[in-house]
Amino acid sequence: MRYAAPVGGWNARDALAAMDPLQAVRMDNFFPGFGSVSLRKGYSSYATGLGGLVKMLAQFVNGATTKFIAAADGEIWDISSTGVGVSLASGFTEDAWQWAQFDDIGGGARLGLVNGTDAPQIYNGTAVSNMTVSGPSSVNNLIGITAFKGRTFFVEKNSASFWYSALGALGGVLTEFKLGRLSGVGGNLQEIATWSVDAGNGPADLCVFLMSSGDVIVYAGDNPGLSSNWQLVGIYKIGAPVGRRCSQKVGSELYVITRTGYVPMSSAAKLGLVKQSVAISDNIRGAVQQAVDSYGALPGWQAILYPRGNYALFNVPVSGSLFRQHVVNTETGAWCSFSNQNGYSWGLYNDRLYFGGDGVVYLADNGRNDNSMAIQGDCLTAWTDLGASASLKRIGLVRILGATTGGSIPYTIDVGTDFRQPNAAAAGSVAQVNTAPWDTSPWDTTAWASESEIFDDWSGAAGLGSVVNLRFRAASTNSGFEWYSTTYGFEIAGVL
C-alpha cells in the first residue's frame, strides 16, 4: 500500500484515529511542499562579536541604500556586512527594541526605536541618536512604534493610551489618545498594527490597536485629533495577544499571536469573537495552546513573513535560550515545526531571513547543515488501516521514495502499531551516486552528473496490528532531501 508523503503537514488537533493520511502527528524540521516533503535548509554564522543575546534585528532602506542593525549587550550594532559587528551606540539598559521606518519631513528616511526603558532613538542609516520627543510624562516608557498614514504612533508601557505625532514627523510633540474611554474596552495597549482591506497601503488601510485584554479596536482615518477624520470601525474580541511583536501582515491580512491561536483579523471583523476553529493555526491548535499556556509569559514571541521561503514563521520561546518555530506554508496552509534554531529575534535583510542568538546573528534557510551540525528531521505520520479496517496486518517492509542531493543522508524508519509509539528502528543511509565534473572524464564512459538521486530501497520494519504508522528520521550535514511517498509491504494476519 502506497501513500503520498504527508504534504498536508502537522496536525495537532484531530483524534489519531480520524487524521487525514496526508497529515502527520509530528513534523519537525521537515517542510511540507506542494508535491513532496523536504528537510529544511540550515543556517550559518553571519555577524559575530555582539556580546549578548540579540533581541532586535531591523532593516533600513533608503533608495539604493540598505542597512541591517541589531541590538545586544546594551549596544546597537551595524551588521550590514558579514563578520564582526560595528557598534553604533552603547549604554542602553534594554535590548528588545521595537522599530518602524518613517520618512520624516525634517530628516528623511529614518528608523524610530523604542524599548520602554531607554530614551527613544533614531537611526538614519549612518548613526544612532536620541529622538526628539515630548508629551508623555516619561518618554522612556514608550515601548511600541508604528508608522501610519504620515504619522508615528506610539504605545506607552502599562497604559491604555496611544500617542501620535504631527503629520510628517518621527516623534516630536506627541498627543495622547485615551482608548480606555471607549465603552467595554479593558486592558493596556499591547501593540499597534495596520490592516489593509484593499490589499495594499492605501486609503482603506486601518489602524488596529491590540489590547492586553483581547479587545481589538479598529479605526479608519489619518488624524486622531479630528473626529471627522478618525472614525471607529469596530471593537472586536480575540484571545489576549502574546508578546510585543504579536502581529504580522501577510498580503492584505493581519495575523495576531493570541492565547487562542494565530488569528486573522478578517475573521475577527466578521465574527466579533474569534474561536480557534477560524485561526490560521487551527490544524495545530493543541500545540499552540500548550505552548502559550507553558511559555506565554516568556519574551521572544514573534511573527514574521518570509516570502522567499514561501512560509510564515511564529517564534516560540521555550526558555531564555531555547526556541522553537511554528511554520506555515503560505500557499498550502500546511504546518510544521522547526527546532535547533535558537533565535530570540528574527528579521529580513535583502529578502533573506536571519535570527539573533547569543552574541551571533545567523543567516537562516541557507546551506545543508546547522552551522556545521546536522539538521535532524523527525516525522511521525498519520495512522492508517492500510485499506483493511477489519483485519490485522503484519508489516514486514517499508519503502521511502525520495531524492537526495550532494551527499549521504543517514535515516531510521520505525513502524508503530495500534497507537503505540514506534520503537524498533531500521537504519540506513541514502547516498547520491558519484558524479564527474563536466569536460574532465571520457565521453560516453562516465555516468552523467545529476542534481538529485532518486532512492527507493526497502527497509525491514516489523509490526503487527490493525492500524500502523511510520516514524521517519533523517539527518543531513551536506545534502538536501525530498520525500515523495511511503509504501508498506504487509500481509493480512487475520480478521479482528
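Reference entry: report on the structure contained in this document.

**Regarding the overall build of the chain**
And then number 1: Along the backbone of the chain there are two helices and 43 strands.
And then number 2: In terms of C-alpha radius of gyration, the chain reaches 26 Å, essentially the compact-globule figure of 23 Å for 496 residues.
And then number 3: Projected onto its principal axes, the C-alpha positions of the chain cover 75 × 60 × 35 Å.
And then number 4: Across the 496 residues in the chain, those meeting the buried criterion constitute 54%.
And then number 5: Within the chain, residue pairs in contact and separated by at least 24 positions form 59% of the contacts whose partners lie at least 6 positions apart.
And then number 6: For the chain, the accessible area works out to roughly 20,100 Å², and carbon and sulfur atoms hold 49% of it.
And then number 7: Taking the average location of the 31 positive side-chain charges in the chain and that of its 38 negative ones, the two points are 6 Å from each other.

**Some points on the pattern of salt bridges**
Two side chains of opposite charge can pair, provided their charged atoms sit close to one another.
And then number 1: Summed over the entire model, instances satisfying the criterion amount to 11 salt bridges.
And then number 2: Among the ionic pairs, Asp 370 bridges to Arg 40, the shortest N-O distance being 2.7 Å. Highlighted residues: Asp 370 in the loop between β35 (361–363) and β36 (375–381) and Arg 40 in the loop between β5 (37–39) and β6 (44–48), separated in sequence by 330 residues.
And then number 3: Between Arg 285 and Asp 282 there is a salt bridge, with the nearest N and O atoms lying 2.5 Å from each other.
And then number 4: On the accessibility criterion, Arg 285 (27% relative accessible area) is partly exposed.
And then number 5: Overall, the relative accessible area of 13% leaves Asp 282 in the buried class.

**Looking at the side chain of Arg 245**
And then number 1: Tracing the chain through its elements places Arg 245 in the loop between β25 (230–237) and β26 (247–250).
And then number 2: A polar contact is formed between the side chain of Arg 245 and the side chain of Gln 98, at a distance of 3.0 Å.
And then number 3: Setting aside its immediate chain neighbours within four residues, Arg 245 contacts Lys 55, Met 56, Ala 96, Trp 97, Gln 98, Glu 191, Ile 257, Trp 301, Gln 302, Ala 303, Tyr 344 and Ser 345.

**Let's talk about the sheet that holds strand β17 (residues 142–148)**
And then number 1: As summarised here, the arrangement of the four strands in space is β17-β18-β19-β21, forming an open sheet in which the pairing is antiparallel. The open sheet has two edge strands with one neighbour each: β17 and β21 (175–178). Strand-to-strand, the axes of this sheet are offset by a mean angle of 30 degrees, without reference to chain direction.
And then number 2: Of the strand pairs in this sheet, strand β19 (residues 161–164) and β21 are connected by four bridges, and their pairing is antiparallel. By the bridge assignment, Trp 163 is partnered in β21 with Glu 176.

**Regarding the pairing of β19**
The two faces of a sheet get side chains in turn, since along a regular strand they alternate between them.
And then number 1: With burial as the criterion, each face of β19 is covered, one bearing Ser 161 and Trp 163 and the other bearing Phe 162 and Tyr 164.
And then number 2: Here strand β18 (residues 151–156) pairs with β19 via three bridges, running antiparallel. Among the inter-strand pairings, Phe 153 is bridged to a residue of β19, identified as Tyr 164.
And then number 3: Hairpin connection, β18 to β19: the antiparallel pair is bridged by four residues, and Asn 158 has positive phi, about 55 degrees.

**A closer look at the sheet that holds strand β33 (residues 345–349)**
Sheets are built from strands that pair by backbone hydrogen bonding, the pairs being arranged parallel or antiparallel.
And then number 1: Reading across the sheet, the five strands line up as β10-β6-β35-β34-β33 and stay open at both edges, with mixed pairing between neighbours. Each having just a single partner strand, β10 (83–84) and β33 make up the two edges of the open sheet.
And then number 2: Pairing analysis gives two bridges linking β6 to β10, with the strands arranged parallel. Note that in β10 the partner of Ala 47 across the bridge is Gly 83.

**With respect to the environment of Gly 489**
And then number 1: Topologically, Gly 489 is positioned in strand β43 (residues 480–495).
And then number 2: Put simply, Gly 489 and Arg 394 are 95 residues apart on the chain and 8.6 Å apart in space, counted from C-alpha to C-alpha.
And then number 3: If we ignore the near neighbours within four places in the chain, the residues touching Gly 489 are Arg 394, Ile 395, Gly 396, Leu 397 and Trp 458.

**What to know about helix α2 (residues 285–295)**
And then number 1: Among all positions of α2, only Ala 287, Val 288, Ala 291 and Val 292 are buried. Down the axis of α2, the sector holding all buried residues measures 125 degrees, keeping them to one side. Facing away from the buried side of α2 by more than 90 degrees, the exposed set consists of Gln 290 and Asp 293.
And then number 2: Elements that come into contact with the buried residues of α2 comprise β2 (9–10), β27 (253–258), β28 (261–264), β30 (311–317) and β31 (323–329).

**Let's talk about the nonpolar core**
And then number 1: Core analysis: the largest hydrophobic core is formed by 76 residues, its most contacted members being Phe 30, Met 265, Leu 470, Phe 472 and Trp 483.
And then number 2: For this core, the element with the most residues is β30, which contributes five residues.
And then number 3: Excluding its chain neighbours within four sequence positions, the residues that come into contact with Leu 470 are Cys 379, Leu 380, Thr 381, Val 398, Ile 400, Ile 413, Asp 414, Val 415, Trp 483, Thr 486 and Tyr 488.
And then number 4: By size, the runner-up hydrophobic cluster in this structure holds 19 residues, among which are Ile 143, Phe 153, Val 155 and Leu 179.

**Re the side chain of Thr 146**
And then number 1: Along the chain, Thr 146 falls in strand β17.
And then number 2: Within the local environment of Thr 146, its side chain forms a polar contact with the backbone oxygen of Ile 192, the two atoms lying 2.7 Å apart.

**Concerning unusual backbone geometry**
And then number 1: Phi is positive for Asn 29, which is not a glycine, with a value near 65 degrees.
And then number 2: Among the structural elements, Asn 29 can be located in the loop between β3 (23–28) and β4 (30–32).

Cut-offs used in this document
- Within each chain, residue numbers correspond to sequence positions counted from 1 in written order.
- Residue-level local features of this predicted model are given only where pLDDT is at least 70; pairs of side-chain atoms are given and counted only at 80 or more, and the full residue set underlies all totals for whole chains, interfaces and linings.
- Only hydrogens and water are set aside when side-chain values are computed; all heavy atoms of the structure are taken into account.
- Under the DSSP-based scheme used, a helix requires at least four consecutive residues in state H or I and a strand at least two consecutive residues in state E, with every element numbered from the N terminus.
- The quantity called the radius of gyration is restricted to C-alpha atoms. Its globule counterpart is 2.2 Å times the number of residues to the power 0.38.
- Any residue under 20% of the maximum accessible area for its type is buried, any over 50% is exposed, and the rest in between are partly exposed; the area is computed with a 1.4 Å probe on protein chains only.
- In what follows, a contact means two residues having at least one pair of non-hydrogen atoms within 4.5 Å.
- Accessible areas in this description were obtained via Shrake-Rupley with a 1.4 Å probe; residue shielding takes into account the shown protein chains only.
- Note on charges: Lys and Arg go in the positive column, Asp and Glu in the negative column, and His and the chain ends are not counted at all.
- For charged residues, the charge sits on one atom: NZ in Lys, CZ in Arg, CG in Asp, CD in Glu.
- The salt bridge criterion pairs a side-chain nitrogen of Lys or Arg with a carboxyl oxygen of Asp or Glu, the two atoms within 4 Å.
- Pairs of N or O atoms within 3.5 Å make up the polar contacts considered here, provided that, within protein, one atom can donate a hydrogen while the other can accept it, and that residues adjacent in sequence are counted only when both atoms are side-chain atoms.
- Each pair of strands is called paired provided DSSP finds at least two bridges between the two strands.
- Axis definition: a line fitted to C-alpha atoms, limited for helices to the stretch in contact. Angles are taken between N-to-C directions and run from 0 to 180 degrees.
- What the arc measures is the spread of directions leading from the helix axis to the C-beta atoms.
- Put simply, buried Ala, Val, Leu, Ile, Met, Phe, Trp, Tyr and Cys residues joined by side-chain atoms within 4.5 Å make one nonpolar core.

Just distances and angles here, no functional claims.
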